[in-house]
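# Examining the three-dimensional arrangement
Given next are the chains, with one letter for each unit.
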Amino acid sequence: MASAAPTSEPASGALAARPKIAVVDLWKAFDGKEVLRGVDLDIVAGESFVVLGGSGAGKSVLLKHLIGLIHPDRGHVIVDGEDIVCADPSVCLRIRRKFGMSFQEGALFDSMNVFENIAFPLRRHTKMTEAEIADRVHECLELVNLDGVGRKATNELSGGMRRRVGFARAIALQPEILLFDEPNTGLDPLTSAVIDSVIVHMRESLPVTMVTITHDLRSAFRIADRIAMLREGRILAVATPDGFRQLPDPYIQGFLAGEPLEEEA
Ligand SMILES: Nc1ncnc2c1ncn2[C@@H]1O[C@H](COP(=O)(O)OP(=O)(O)OP(=O)(O)O)[C@@H](O)[C@H]1O
Ligand SMILES: [Mg+2]
């Protein structure tokens, strides 16, 4: 577990061992209801890390803390050694630029076609020329296996395609860390498998760290290098997919068997 304080650069020898993201004793309550109750996590650079949890377990709340969209009551989120919780707004913005986020349902702008959706962050945050933007959009679409759909209106897309356009937009600015909030929710099993294979492909093709939150067990096993189980506001366990199956914890065994003890709903 991270013992890192939100500090200056560690000695160079420690650099390789430093996690990309360290979540340290994170607490958050809404209206007196404790949602996060001391979450500790180390996420290693380059891994695909999945946080699994039942409905209402606090997965989205945790994800929003990683990117500084929610301020915790207590605790730290340290990204490359910098604490996003204590950072002043300009530093927070700089840290946030390391992230690309794919929202549930894709969260596309329906007034724009696919090309413009992906070009949007490039127009907003870079000085790229039109030709450079076109090249980059094309690259991103290729990566999510959607070559040639740039001119389509977003309402012409299937649910799975919308997600993939959302992925393409999330990687447009070449983020170091990609966050996925429930990438498979509402998709049929076949489309869900396609989405997972696109995530795996992105992971293999890009120098990124990925954090995915999901309640979809099958998806977690397909895309994760390591899986964490969030329950009652804490991390119950972290393991590789194979190790996760062997965990004796009755809640995890229930989850694996499709019979979760759903007291948090
Ligand atoms: N802004 C907020 N104000 C008040 N309560 C909130 C807020 N955001 C989240 N919550 C509460 O925190 C709890 C956890 O919510 P969260 O959205 O993180 O769950 P989740 O694990 O992502 O669930 P799901 O699988 O349904 O997406 C819920 O009880 C929710 O109502
Ligand atoms: Mg959620």
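Residues numbered from 1 in each chain as written. Chains lettered and ligands numbered in written order. Predicted model: local features only at pLDDT ≥ 70, side-chain atom pairs only at ≥ 80, totals over all residues. Heavy atoms only, no water.

Helix and strand counts for the chain stand at 9 helices and 10 strands. A compact globule built from 265 residues should have a C-alpha radius of gyration of about 18 Å, and the chain, at 19 Å, falls within 12% of that. For the chain, the spread of C-alpha atoms along the three principal axes comes to 50 × 45 × 40 Å. Going through the 265 residues of the chain one by one, you find that 49% of them count as buried. Residue pairs at least 24 apart in sequence account for 63% of intrachain contacts in the chain once pairs closer than 6 positions are excluded. As displayed, the chain has an accessible area near 12500 Å², and 53% of this comes from carbon and sulfur atoms. For the chain, the centre of its 29 positive side-chain charges and the centre of its 37 negative side-chain charges are spaced 3 Å apart. (Helix = DSSP H or I, 4+ residues; strand = E, 2+ residues; numbered from the N terminus. Rg over C-alpha atoms; globule rule 2.2 N^0.38 Å. Buried < 20%, exposed > 50% of the residue type's maximum accessible area, 1.4 Å probe, protein only. Contact = heavy atoms within 4.5 Å. Areas by Shrake-Rupley, 256 points an atom, 1.4 Å probe, with all protein chains shown as cover. Lys, Arg positive; Asp, Glu negative; His and termini not counted. Charge placed at Lys NZ, Arg CZ, Asp CG, Glu CD.)

Before going further, it helps to examine the nonpolar core. Judged by nonpolar contacts, the single largest core of 46 residues is most densely connected at Leu52, Ile118, Phe167, Ile199, Met202 and Phe244. Ranked by residues supplied to this core, first place goes to helix H5 (residues 159–171) with 6 residues. Discounting residues that sit within four places of it in the chain, Ile118 has contacts with Val137, Cys140, Leu141, Val165, Ala168, Arg169 and Ala172. Formed by 32 residues, the second largest nonpolar core is a distinct cluster that contains Ala57, Ile70, Ile84 and Ile235. (Core = buried A, V, L, I, M, F, W, Y, C linked by side-chain atoms within 4.5 Å.)

Assignment of secondary structure puts Phe49 in strand E3 (residues 48–52). Separated by 66 residues in sequence, Phe49 and Phe115 have C-alpha atoms that sit 29 Å apart. If we skip the residues at most four places from it in the chain, Phe49 touches Leu41, Asp42, Ile43, Met210, Val211, Thr212, Arg226, Ala228 and Val238.

A few words on the packing of aromatic side chains. Taken as a whole and judged by the stated rule, the model has 4 aromatic pairs. Seen in terms of ring centroids, Tyr251 and Phe255 are 6.1 Å apart; in terms of plane orientation they differ by 50°. Their pairing is tilted. Placement of the pair is Tyr251 and Phe255 together in helix H9 (residues 250–256), with a separation of 4 residues, close to one helical turn. The same class applies to Tyr251 and to Phe255, which are both buried. The lysine or arginine in question, Arg169, covers the ring of Phe109, its NZ or CZ lying 5.0 Å from the ring centre. Its end group placed over the ring of Phe221, Arg245 keeps NZ or CZ at 4.0 Å from the ring centre. (Phe/Tyr/Trp six-rings, centres within 6.5 Å; stacked < 30°, edge-to-face > 60°. Lys NZ or Arg CZ within 6 Å of the ring centre and 35° of its normal.)

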